[in-house]
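# Summary of structural features
Take a look at the letters that make up each chain.
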Amino acid sequence: MEEKNNTFSDENRFERLHQYACNPENFWPQLREQIQNLPVVFHEIIKSGGVVWTDSVFFVSDNPGKNDGTEGLKGGGITTSELISLIRQAKHTIDIQSPYLITTEVGQKLFKEAVARGVKIRILTNSLASTDNTEAFAGYQKNRKELLQTGVEIYEFRPDASERVKIATGALQKKLNYTPVFGLHAKSMIVDGNITVVGTFNLDPRSANLNTECFAVIYSRQVANGVLKGMEEEYKPENSWHTTLNFNPDSYVSKTKRVKTFTKKIIPKDIL
């Protein structure tokens with residue numbers, strides 16, 4: 001019996017995606033123009049003083065397939081260990097952006113210990129109104145109260161954040177007859193106003209134990225100030241809700257979405 005060619009075999013499963021990405025016709029004209037002008041733009045950035053030169057940059061990456069199954073859905077990884085170390089070293093402040101915020105007892109203990117030694121922790125994540133990942137939000141919702149009780153401050157991004165008007169400009173926005181709902185997808189952390197972490201790591205068990213993640217750790221107060229400036233803008237009431245033990249913005253979405261999210265709480269957090 002002749003073996004049929006498998007279009008989605010390991011050898012060619014990404015080929016169609018690669019061909020699509022290589023075709024400039026598939027890019028929005030505004031993006032094509034920006035890509036073509038990149039050499040000029042980069043030169044202008046250098047002239048403006050917007051480029052920060054520093055020798056203190058480290059790239060941290062997990063080994064591919066970091067979970068070999070011997071520890072089930074646990075096990076951690078290189079990136080997980082590095083983040084834990086940075087949080088334990090914090091002396092004054094920790095500011096975090098993560099689209100998903102699903103904490104375990106380990107994470108809650110880590111934050112509680114940091115707060116107990118005087119570290120102010122602020123975390124910006126998506127609200128139910130700004131996310132379409134109800135599974136992940138249900139995982140966050142399960143332990144939101146416990147996380148707040150550790151002393152962490154939580155801000156949930158608004159779908160109508162005023163920041164979106166500044167960002168959604170140009171040809172694409174002119175074509176749309178509405179302003180799109182905005183959600184947070186940044187994954188970054190600032191420690192003591194001096195250390196910046198930017199990469200792929202979400203605050204959830206999947207990033208901690210399953211996914212191959214990576215990030216850059218930058219030791220530069222100038223870089224940290226720049227990233228923190230953007231975070232401070234997003235903490236403002238016009239861009240996010242300040243969630244407390246007495247208030248959360250879940251009621252700002254439809255009853256249907258709230259019920260749908262509630263039913264997802266049966267999903268084990270270890271796979272989220």
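Below you will find a few notes about this structure. (Residues numbered from 1 in each chain as written. Predicted model: local features only at pLDDT ≥ 70, side-chain atom pairs only at ≥ 80, totals over all residues. Heavy atoms only, no water.)

### Side note on the environment of Tyr235
Tracing the chain through its elements places Tyr235 in helix H11 (residues 221-235). By relative accessible area, Tyr235 is classed as buried at 7%. Along the primary structure Tyr235 and Ile154 are separated by 81 residues, whereas in three dimensions their C-alpha atoms are 9.4 Å apart. Excluding residues within four positions of it along the chain, Tyr235 makes contact with Asp95, Ile96, Arg122, Leu124, Tyr155 and Ser240. Side-chain polar atoms of Tyr235 contact the side chain of Asp95, separated by 2.8 Å. (Helix = DSSP H or I, 4+ residues; strand = E, 2+ residues; numbered from the N terminus. Buried < 20%, exposed > 50% of the residue type's maximum accessible area, 1.4 Å probe, protein only. Contact = heavy atoms within 4.5 Å. Polar contact = N/O pair within 3.5 Å; in protein donor to acceptor, adjacent residues only side chain to side chain.)

### A word on the environment of His242
Within the element layout of this structure, His242 appears in strand E8 (residues 240-243). Residue class for His242 comes out partly exposed when judged on its relative accessible area of 38%. Placed 85 residues apart in sequence, His242 and Phe157 show a C-alpha to C-alpha distance of 9.0 Å. Leaving out residues up to four positions away in the same chain, His242 has contacts with Glu153, Ile154, Tyr155 and Phe247.

### Some words on the nonpolar core
With 33 residues, the main nonpolar core has Ile94, Phe111, Ile121, Ile123 and Met189 as its most contacted residues. Those residues within four positions of Ile121 in sequence are excluded, and the remaining contacts are Ile94, Phe111, Ala114, Val115, Val152 and Glu153. Listed in part, the 11 residues of the second largest apolar core include Leu124, Phe157, Ile190 and Met231. (Core = buried A, V, L, I, M, F, W, Y, C linked by side-chain atoms within 4.5 Å.)

### Regarding the packing of aromatic side chains
In total, this model carries four aromatic pairs according to the counting rule given. An angle of 90° between the planes, with centres 5.9 Å apart, marks the rings of Phe58 and Tyr219 as edge-to-face. Note that Phe58 is positioned in strand E1 (residues 57-61) and Tyr219 in strand E7 (residues 214-219), a separation of 161 residues in sequence. For Tyr219, a relative accessible area of 30% puts it in the partly exposed group. Ring centres 5.0 Å apart and planes at 45° place the aromatic pair Trp241 and Tyr252 in the tilted group. (Phe/Tyr/Trp six-rings, centres within 6.5 Å; stacked < 30°, edge-to-face > 60°.)

### Comments concerning helix H5 (residues 105-116)
The terminal C-alpha atoms of H5 lie 16 Å apart, and with 12 residues this matches the ideal 16 Å at 1.5 Å per residue to within 8%. For H5, the full list of buried residues reads Gly107, Gln108, Leu110, Phe111 and Ala114. Within H5, the buried residues cover an arc of 160° as seen down the axis, which keeps them to one side. Residues of H5 that are exposed and point more than 90 degrees away from the buried face comprise Glu105, Val106, Lys109, Lys112 and Ala116. Note on H5: the residue one or two positions beyond its end, Gly118, has a positive phi of about 100°. (Expected span 1.5 Å × (residues − 1). Arc of directions from axis to C-beta.)

### Structural notes on the pairing of strand E3 (residues 120-126)
The buried fraction of E3 is high, at six of seven residues. Relative to E3, strand E2 (residues 93-97) runs parallel, the two sharing five bridges. Bridging from a neighbouring strand, Gln97 pairs with Leu124 of E3. Once the chain exits E2 it traverses H5 before rejoining the sheet at E3, and the crossover so formed is right-handed. Across five bridges, E3 lies against strand E4 (residues 153-157) in parallel orientation. Counterpart to Ile123 in the pairing with E4 is Ile154. (Pairing = 2+ DSSP bridges. Right-handed = clockwise from strand over helix to strand, strands pointing away.)

### Let's talk about the layout of surface pockets
A volume near 580 Å³ is recorded for the largest pocket. Lining the largest pocket are 32 residues, with Thr80, Phe201, Leu203, Asp204 and Ala208 positioned closest to its centre. Listed by contribution, the elements that provide at least two residues to the lining of the largest pocket are helix H4 (78-89), E2, H5, strand E5 (188-191), strand E6 (195-199) and helix H10 (205-210). Its residues placed into classes, the lining of the largest pocket shows 16 nonpolar, 12 polar and four charged. (1 Å grid on protein atoms, 1.4 Å probe; cavity = no way out; pocket = protein on both sides within 12 Å on 5 of 7 lines; lining within 4 Å. Points joined across faces, edges and corners; volume = space filled by probe spheres on them. Nonpolar A, V, L, I, M, F, W, Y, C, P; charged D, E, K, R; others polar.)

### Re the pattern of salt bridges
Side-chain pairs of opposite charge can arise where the charged atoms are in close proximity. For the structure on display, the rule yields 10 salt bridges. Measuring nitrogen to oxygen at the nearest pair gives 3.2 Å for the salt bridge that ties Asp270 to Lys74. Of the two residues, Asp270 sits in the segment after helix H12 (255-263) while Lys74 sits in the loop between E1 and H4, which places them 196 residues apart along the sequence. When the shortest N-O distance is used, the salt bridge between Arg144 and Glu156 registers 3.0 Å. Of this pair, Arg144 sits in helix H7 (residues 144-149) while Glu156 sits in strand E4; the two residues are 12 residues apart in sequence, bridging distant segments of the chain. The network of salt bridges with common partners includes Asp95, Arg122 and Glu232. (Salt bridge = Lys/Arg side-chain N within 4 Å of Asp/Glu carboxyl O.)

Geometric values such as these leave the question of function open.
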